[in-house]
Amino acid sequence: MWLTKPIIRPGQFHSKAPLANRDSVTLRGPNWNDLDDLIEYINGLVREGAQITKTELVTREAEAEWLGERLSEIENGQVIMLVAEVDGKVVSVGEVGLLTGERRHTGYLGIGVVKNKRRLGLGKLMMNALLGLARKAGLKIVILDVYATNAIAMRLYEEVGFKEAGRIPKGILRSGHLIDLVRMTTEL
Ligand SMILES: CC(C)(COP(=O)(O)OP(=O)(O)OC[C@H]1O[C@@H](n2cnc3c(N)ncnc32)[C@H](O)[C@@H]1OP(=O)(O)O)[C@@H](O)C(=O)NCCC(=O)NCCS
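Cut-offs and rules
Numbers given to residues run from 1 along each chain, matching the order in which its sequence is written. With pLDDT at 70 or above as the cut-off, local features in this predicted model cover only qualifying residues; side-chain atom pairs require 80 or more to be listed or tallied, and sums for whole chains, interfaces and linings still use all residues. As a rule here, side-chain values come from all non-hydrogen atoms in the structure, and water together with hydrogens is ignored. Each nonpolar core is a collection of buried residues, namely Ala, Val, Leu, Ile, Met, Phe, Trp, Tyr and Cys, held together in the definition by side-chain atoms within 4.5 Å. Residue exposure (1.4 Å probe, protein chains only): buried if accessible area is under 20% of the type maximum, exposed if over 50%, otherwise partly exposed. Only runs of H or I of at least four residues qualify as helices and only runs of E of at least two qualify as strands under DSSP, and these elements are numbered from the N terminus. Whether a residue is near a molecule or strand depends on its heavy atoms: if one lies within 4 Å, it is near. Here a polar contact is taken to be a pair of N or O atoms separated by no more than 3.5 Å, where protein atoms must pair a possible hydrogen donor with a possible acceptor and residues adjacent in sequence count only if both atoms sit in side chains. Areas reported as accessible are Shrake-Rupley estimates using a 1.4 Å probe. Residue values count occlusion only from the protein chains shown. A 1.4 Å probe that fits into a set of points on a 1 Å grid over the protein atoms alone but cannot get out defines a cavity; an open set with protein on both sides within 12 Å along at least five of seven lines defines a pocket, and lining residues are those with an atom within 4 Å of a point. For a cavity or pocket, the test is whether more than half of a molecule's atoms lie within 2 Å of its grid points; if they do, the molecule sits there. Throughout, the ten residues Ala, Val, Leu, Ile, Met, Phe, Trp, Tyr, Cys and Pro are labelled nonpolar, Asp, Glu, Lys and Arg are labelled charged, and all others, Gly among them, are labelled polar. Residues count as neighbours in contact if any of their non-hydrogen atoms are within 4.5 Å of one another. Note on method: axes are straight lines fitted to C-alpha atoms, helices fitted across the in-contact stretch only, with angles between N-to-C directions ranging 0 to 180 degrees. Geometric relationships in this document are graded by angle, where less than 35 degrees denotes roughly parallel, more than 145 denotes roughly antiparallel, 65 to 115 denotes roughly perpendicular, and other angles denote oblique. Left-handed is the label given to a crossing in which the near helix is rotated counterclockwise from the far helix by less than a right angle, and right-handed is the label when the rotation is clockwise. To estimate how far a helix should reach, multiply one less than its number of residues by 1.5 Å. Throughout, the arc means that of the directions going from the helix axis to the C-beta atoms.

**With respect to the nonpolar core**
- Counting residues in each nonpolar core, the largest one holds 54 residues, and the members touching the most others are Tyr 157 and Phe 162.
- Element by element, the count of residues in this core is highest for helix H3 (residues 122-136), at 8 residues.

And the structure:
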């Protein structure tokens, strides 16, 4: 169910923590000033061929439209969003979209970390922060979809409590290859 007020507002501080390489990371709500970093982030994932459904580079115009929509959804309590910042740069983005009607107890999670800040515990930090906010928002379950070939992401999700609930055989068509799409869930 959409929230009557956002659990974390655009730009609002969430927490600060050290990564495994001693980088200091700040988690906060995203804001307009993040636009260029967000373009670099999503296009970095597309360029490396990350296992996400997006395969085309985004333009500045498209990303500005996307960010504008996300910021108003945050204000409207439709999505919970966090970015992680290291040395003034966005290095991770995560969100939990809130479903409605008879699925109003459910959130849909997505997350990514820039390539040069992986394996430092940032993914886990973001996951735990997002799940904590989802719990605070009153959600009861969080679900996500992951490519069956994305062992790294699946391991991270299992470490924070997700279990496979089922899969769509051949749900993904990637460069001519069919890959199962796995749905994972956790109870809060
Ligand atoms: C999946 C992703 C978010 C993980 O982020 P991360 O910051 O590297 O994750 P962490 O450093 O917190 O690692 C968490 C756990 O994931 C696993 N993991 C992370 N990187 C791994 C690697 N290269 N090999 C094996 N396991 C790995 C480990 O189990 C790790 O726990 P541990 O270090 O305590 O053993 C990141 O790899 C990513 O953004 N990938 C590209 C986009 C993507 O796939 N998003 C998910 C789509 S569903």
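**Examining the site of the ligand**
- Taken together, 20 residues sit near the ligand, with Val 113, Gly 121, Gly 123, Lys 124 and Glu 159 positioned nearest.
- Between a nitrogen atom of the ligand and a main-chain N or O atom of Ile 111, the distance comes to 3.1 Å.
- Contact distances for the ligand include 2.9 Å between an oxygen atom and a side-chain N or O atom of Asn 150.
- Computed on the free molecule, the ligand has an accessible area of 930 Å², of which 82% lies beneath the protein chains in the complex.
- Comparing atom positions with the cavity grids shows the ligand to sit within the largest pocket.
- Secondary-structure elements contributing two or more residues to the shell around the ligand are strand S5 (106-113), H3, strand S6 (141-147) and helix H4 (151-159).
- It is H4 that provides the largest number of residues to the shell around the ligand, a total of 6 residues.
- Split into classes, the residues belonging to the shell around the ligand amount to 9 nonpolar, 5 polar and 6 charged.

**Quick notes on the environment of Leu 133**
- Mapping Leu 133 onto the fold places it in helix H3.
- For Leu 133, a relative accessible area of 5% corresponds to the buried category.
- In this structure the C-alpha to C-alpha distance between Leu 133 and Leu 82, which are 51 residues apart in sequence, comes to 9.8 Å.
- Apart from the residues lying within four places of it in its own chain, the contact partners of Leu 133 are Ile 7, Ile 8, His 14, Ile 80 and Leu 82.

**Some words on the packing of H3 against H4**
- Contact geometry of H3 with H4 gives a least axis separation of 10 Å together with a crossing angle of 45°. Compared by their axis directions, H3 and H4 come out oblique. For the element pair H3 and H4, the recorded crossing hand is right-handed. The residues of H4 that touch H3, namely those facing Gly 123, Lys 124 and Met 127, are Leu 156, Tyr 157 and Glu 159.
- Here the residues of the contact of H3 with H4 sort into 3 nonpolar, 1 polar and 2 charged.

**Examining helix H2 (residues 60-75)**
- Helix length check: H2, at 16 residues, gives a terminal C-alpha distance of 22 Å against a target of 22 Å (1.5 Å per residue), a fit within 8%.
- By the burial criterion, the buried members of H2 are Glu 63, Leu 67, Arg 70, Leu 71 and Ile 74. Projected down its long axis, H2 carries its buried residues within an arc of 100°, all on one side. Looking at H2, the residues exposed on the side facing more than 90 degrees away from the buried face are Glu 61 and Glu 65.
- Each element contacted by the buried residues of H2 is listed here: helix H1 (35-48), strand S3 (79-86) and strand S4 (89-98).
- Directly after H2, the chain includes Gly 77, whose backbone phi takes a positive value near 70°.

**Some thoughts on the environment of Leu 122**
- Take Leu 122: it is sitting in helix H3.
- A residue is classified by how much of its surface remains accessible, and Leu 122, at 1% relative accessible area, is buried.
- Apart from residues lying up to four places away in sequence, Leu 122 is in contact with Leu 19, Val 25, Ala 84, Val 91, Ser 92, Val 113 and Lys 117.

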